[in-house]
Amino acid sequence: MQRIAIAMLFIVGILVASTRSYASAIEGLNTLKAELQLSADQMASAQLLIDDYEQQVAALTGDGQVLRDQMNRMDLGTLVDSDAVEFGNQTAASTAAHTSWVIEAQLGFYRLLDSSQQQQYTALRRRWADEGSAPDLPLGNWPVLCTYEFLHCEPGVIAPPPDPEPEPDPAPESFTVSAGVEQDIAFADGSGSLTFSEHALTDTLDLEIGQSSQYSAEELRSVAFLLGPLTQDLHSPSALSLAVPASAGPNDRLVVARFEDGRWRPLLSSVRENDRVVASITELGIYGVIALPAPVVARQVGPACDAGSQEQDLRFLHVADLHARYGSEEQLYPRLKQYHRDVLLESPYTLFTNGGDDFEKGSVAEQLSAGAATVEATQALGFDVRVIGNHEFAWGSDQLLAHSQDPVAQVLSSNTLYRGDQVGYAGRDFVVLQVGCLKVGFFGMTSVPWNELDEQEKHDPIPNFLPDVEMNWHWEQIAKGAVYQYADQVDVLVMLSHLGVGKDTRILEANADIDVALGGHTHGGIENIVTANGNLVVQPDFYGDGLTDIRLRYSLASKTLSIDNVANIDTKDIDGVDEEVAAAIDDIMARYAPEADVEIAIAETSPTEAEVASLAARAALYHHNADAVMVLPDTVTGEWSAGTLTQEHFMRAITVERQPADTPGFTGFYAITVTMAELEAMLAAQPDWPSALKEGVVEGEALTLVLQKGPALNLPLFFPTIADREAHFLSEAWESLEAYGRYRTAQCQHIDTDTRLFGCDPDTLTTVWQFNDGAMPLTPDYGPSRLAYYSPNGGNGSENDTAFGTTDELGIPAIPGGTATVMAFGDYSPDEGLELITNVPANGDYAALGKLSDYTLVFDILWPQESDFAWRGVLQTSPTNANDGDIFFRNRAAGGVGISTSGSSYYGAFEPDVWHRVALVFTAGEQGSFKVFHNGVLIGTKRAGDITERWALSPTALLLTDNSYETQIGYLNALLFSGRAFRDSEIEALGGVSTLLAPDTNTTTATTRVQQHSGQ
């Protein structure tokens, strides 16, 4: 009877297993997913094992139920010992079968794991066994008799049985491969060949080629080929050709794969060519032919597919080469995102794409954060897909990994492979997005590195960017592979490229099945090219100045794609900014570069590029206490306008490009030691280079010479008689400019001239009118300048068309902050207006002509509705109104203020019936410009060279008039004129409209600034 009781317990255990196993297995699988970092593929395979196990247990449960019913109905009075033996044998057989299935399933799960996971899993099982705390794990985990509490037994670790002895592998073949020549190595049995490119090896290689059956996997179709040494890198990509297995069908999608970390990684460069599968490889290792699985959709964009549709729109908003142009007053990133959000409301099947090069040449925040700020700024834009550009390697592997881990965007790096020790590189070879009814496939290309001479690495062997990043420069082969592997798996195939428009065009001309190339890298203008194949190549604007809006139409019936429209959008013309991105950028700047826009120095002039280079030489001489400095004249990438200078101004004047990657910028300053004779020879060899020399240098002393990186590391290239020597890094050029600027400000001097800063002495050049004198309203509150009614032909026309009163008396909106007397001016005719008598000395570039080059005009103005949408003259520099006016409000709704020049036109939006404080700061000259401020905020700067003698003032100028009646009625609350260019900080301090226009004429502010920069 004891045997029957035990049999009942066994049967109950099996039945309990049938009710508990599936739920406990799923719960245990989720536990292991976290513990072992299981991949999506591993989870899916484990799920299949669980399902198979459940089916087996379900069948066994039915048999057990029948057996239990028989045992319950037996007549114990007639039962004999042989019956007990029979029931026991049947129960033992069921229990043995159940135990076998548990073990088989456990071994199946164990074999899903890579070697590292297997070790970790074994350790976990031992720990849980020792602690007696094993959770319910997938597929029973322990033998069945130790799974259930009522049997009161301790769990024991199941060790996997040893694998059967494999068939012996054939002996490897040995070859000697010479360096510097192309060489083809054929496998002895005809199963493959390896063609080494000319520059693949730098030394002779002892090559071994073996075969192994020990790397079996469900997808593997061939034996594994061991190309040794297994860790040998190839300095130039080479071609591996493997035979198509005899068992393969003609339509099987076969690719070359490399065995890595316990799994087979397919190579996107793989193409099936007749009886061979060919791929481009960059390292030796273990290779085989596998069957490529169908691509998995990474994300859905837009509404679900409308099954009844005959066609679908597909739209791309594409940018490239943003180069960290965030944190400026133009708000380029928030404007780009706003356009994206606006378009999504109209076209939900829209993809926001980025052609790479998000780093360098832009914000000082990137420099101060070692790249972290740009990672955050780029991810804040929320792209759908983006590709790695050559500048993304600038800050090394840490930032490259962080940049690839985008919470929204799919990041492409089809010719980039991370080989470092860190985990988490998220760049992918190929991705598919489901956009409505369409599967849109993407692969991405990255261009070559640049060196310290600012030259592309064009010639083999092309180096990798970083020691732990492996590049494949066979772009054409990768493109062919993408077409072969995926063109018939997606509806639209896109190459997101950072190769440049020339390479993009050639690749699409050779691959008609690539529908669109969304490009980057070429800083040569906007390109939209339709090739002879009918596919589209797009090269957008750069530096965040614009995006390309591409409208396509896809026929779901004929499966054809057509180009609807391609438009290039100027970022500055985008209305509004995305508040979320704007807030994110503000936060980034506040955390990483809180002084990015703080006034550091004041420029009296608007310099040329050559003058910036000369100033950089003087800055390095001071900053590094050097004996001499020589600067390359062509490393200046921008100038600044006269006035306030900040860290951002210095950064963008001589940008930083860390070439080679993860080293100081090629414009950075390095120190070498020279003799006086060598210095003289170097100056003679490069007479056009800007230089600076310390006074009192003594012959015979060892001299410290500061050069930029390229010359410092390649002396004979620039100075034929000078041998290479040790050079050490000092600083980036912008850092020296900043240090010098702070020093000059502390000395109360402009950065570029020895003129004392305005504000260090009492201001005698600024005049303010508040129009409060009822008897003589044009009398200034203080200052040397004067206003008068312009009446060249006599009479009182101007005066008659002008009135003064409070806002209530005139029936117009009040001034913020209280009551004030304002001027109501008329739509003056050409012989009417206001005459400004400056009464200040000539200055700047046109001082010799008796003209005022540098000056400031600030006014509080309100245009009534009836004056909107019309030209409205503000400033006329001709004292006799003999030609067209020189500053206008534009004839648009809420039209901006400015003038059309070669570089730009009008700035801002000025709503009617609203008070606005407008400031215009002029620095006329050969490099002249002017700045426009609205309520204390800089909204525009003319390009250097746009503001020339035309805008320099004679002793008198005219206001609110024009020679061709382009005037309208309006209101002035206050007016300021100064015979100097105000600093940005001074305008900012004026703020918005108020009852008083009160500049700070106290020297205390300037003294405080001087003390800050002198460290007091």
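Residues numbered from 1 in each chain as written. Predicted model: local features only at pLDDT ≥ 70, side-chain atom pairs only at ≥ 80, totals over all residues. Heavy atoms only, no water.

(A) Main features of the sheet that holds strand β14 (residues 350–354). Read from one edge to the other, the open sheet built from six strands follows the order β16-β15-β14-β13-β25-β26, with strand pairing classed as mixed. In this open sheet, the two strands that pair with only one neighbour each are β16 (410–412) and β26 (560–570). For this sheet, the mean angle separating the axes of adjacent strands, direction not counted, is 20°. Examined bridge by bridge, β14 and strand β15 (residues 385–387) share two bridges and lie parallel to one another. Bridge pairing links N354 to R386 in β15. Across the sheet, helix α5 (residues 332–346) is in contact with β13 (311–319), β14, β25 (546–555) and β26; its angle to β13 comes to roughly 175°. (Pairing = 2+ DSSP bridges. Helix = DSSP H or I, 4+ residues; strand = E, 2+ residues; numbered from the N terminus. Axes fitted to C-alpha atoms, helices over the stretch in contact; angles between N-to-C directions. Contact = heavy atoms within 4.5 Å.)

(B) Structural view of the packing of helix α7 (residues 372–380) against helix α8 (residues 397–404). At a minimum axis distance of 10 Å, the contact between α7 and α8 shows a crossing angle of 10°. One element, α7, and the other, α8, form an angle in the roughly parallel class. Of the residues in α8, those in contact with A372, V375, T378 and Q379 of α7 are Q399, A402 and H403. A class-by-class count of the residues in the contact of α7 with α8 yields three nonpolar, four polar and no charged. (Parallel < 35°, antiparallel > 145°, perpendicular 65-115°, else oblique. Nonpolar A, V, L, I, M, F, W, Y, C, P; charged D, E, K, R; others polar.)

(C) Structural view of the pairing of strand β24 (residues 536–539). Of the two faces of β24, the one holding L536 and V538 and the one holding V537 and Q539 are both buried throughout. Two strands pair when backbone bridges link them, and strand β22 (residues 516–518) and β24 are joined in this way by three bridges, in the parallel orientation. When the bridges of β24 are listed, V516 appears paired with L536. Bridge count between strand β23 (residues 527–530) and β24: four bridges; the pairing is antiparallel. Considered in β24, the bridge of N528 is made with V538. In this structure, the hairpin formed by β23 and β24 is closed by a connection of five residues, where G534 is found at a positive phi of approximately 90°. (Buried < 20%, exposed > 50% of the residue type's maximum accessible area, 1.4 Å probe, protein only.)

(D) Seen up close, the state of the cysteines. According to the stated counting rule, one finds two disulfides in the structure shown. The disulfide partner of C305 is C437, and the S-S distance across this bridge is 1.9 Å. Classification of the bridge connecting C305 and C437 rests on its S-S torsion, roughly 85°, and on that basis the disulfide is right-handed. Here C437 lies in the loop between β18 (430–435) and β19 (438–446) and C305 lies in the loop between β12 (297–301) and β13, a separation of 132 residues in the sequence. Paired by a disulfide, C748 and C760 hold their sulfur atoms 1.6 Å apart. An S-S torsion of about -110° defines the bridge between C748 and C760 as left-handed. Here the residue C748 occupies a position in the loop between α17 (733–746) and β34 (766–769), and C760 occupies one in the loop between α17 and β34, the gap between them amounting to twelve residues. (Disulfide = S-S within 2.5 Å.)

(E) Local environment of the sheet that holds strand β35 (residues 786–789). Here we have seven strands laid out as an open sheet, ordered β35-β38-β47-β40-β41-β42-β43, and antiparallel in their pairing. Looking at the sheet topology across the chains shown, the edges are occupied by β35 and β43 (906–907). The sheet contact formed by strand β42 (residues 897–898) and β43 spans two bridges and is antiparallel. Note on β43: the bridge partner recorded for V897 is Y907.

(F) Region of the structure containing the pairing of strand β11 (residues 285–291). Burial within β11 is extensive, with seven of its seven residues counted as buried. When strand β5 (residues 224–228) meets β11, the two strands line up antiparallel, connected through three bridges. Bridge pairing in β11 places L227 opposite G285. Taken together, the five bridges between strand β7 (residues 254–260) and β11 define a ladder with antiparallel strand orientation. Within β11, the residue paired with A257 across the bridge is G288.

(G) Structural view of the packing of aromatic side chains. Enumeration according to the criterion identifies 29 aromatic pairs in this entry. Ring geometry for Y855 against F922: centres 4.5 Å apart, planes inclined by 15°, an arrangement best described as stacked. Separated by 67 residues along the polypeptide, Y855 in strand β39 (residues 854–862) and F922 in strand β44 (residues 916–923) bring together distant segments of the chain. Overall, the relative accessible area of 0% leaves F922 in the buried class. Note on Y855 and F977: the rings are 6.1 Å apart at their centroids and 35° apart in plane angle, and the pair reads as tilted. Of this pair, Y855 sits in strand β39 while F977 sits in strand β48 (residues 970–978), and the two are 122 residues apart along the sequence. Each member of the pair, Y855 as well as F977, carries the same accessibility label: buried. Through pairs of rings, three or more aromatic residues link up here, namely F393, F465, W473 and W475. (Phe/Tyr/Trp six-rings, centres within 6.5 Å; stacked < 30°, edge-to-face > 60°.)

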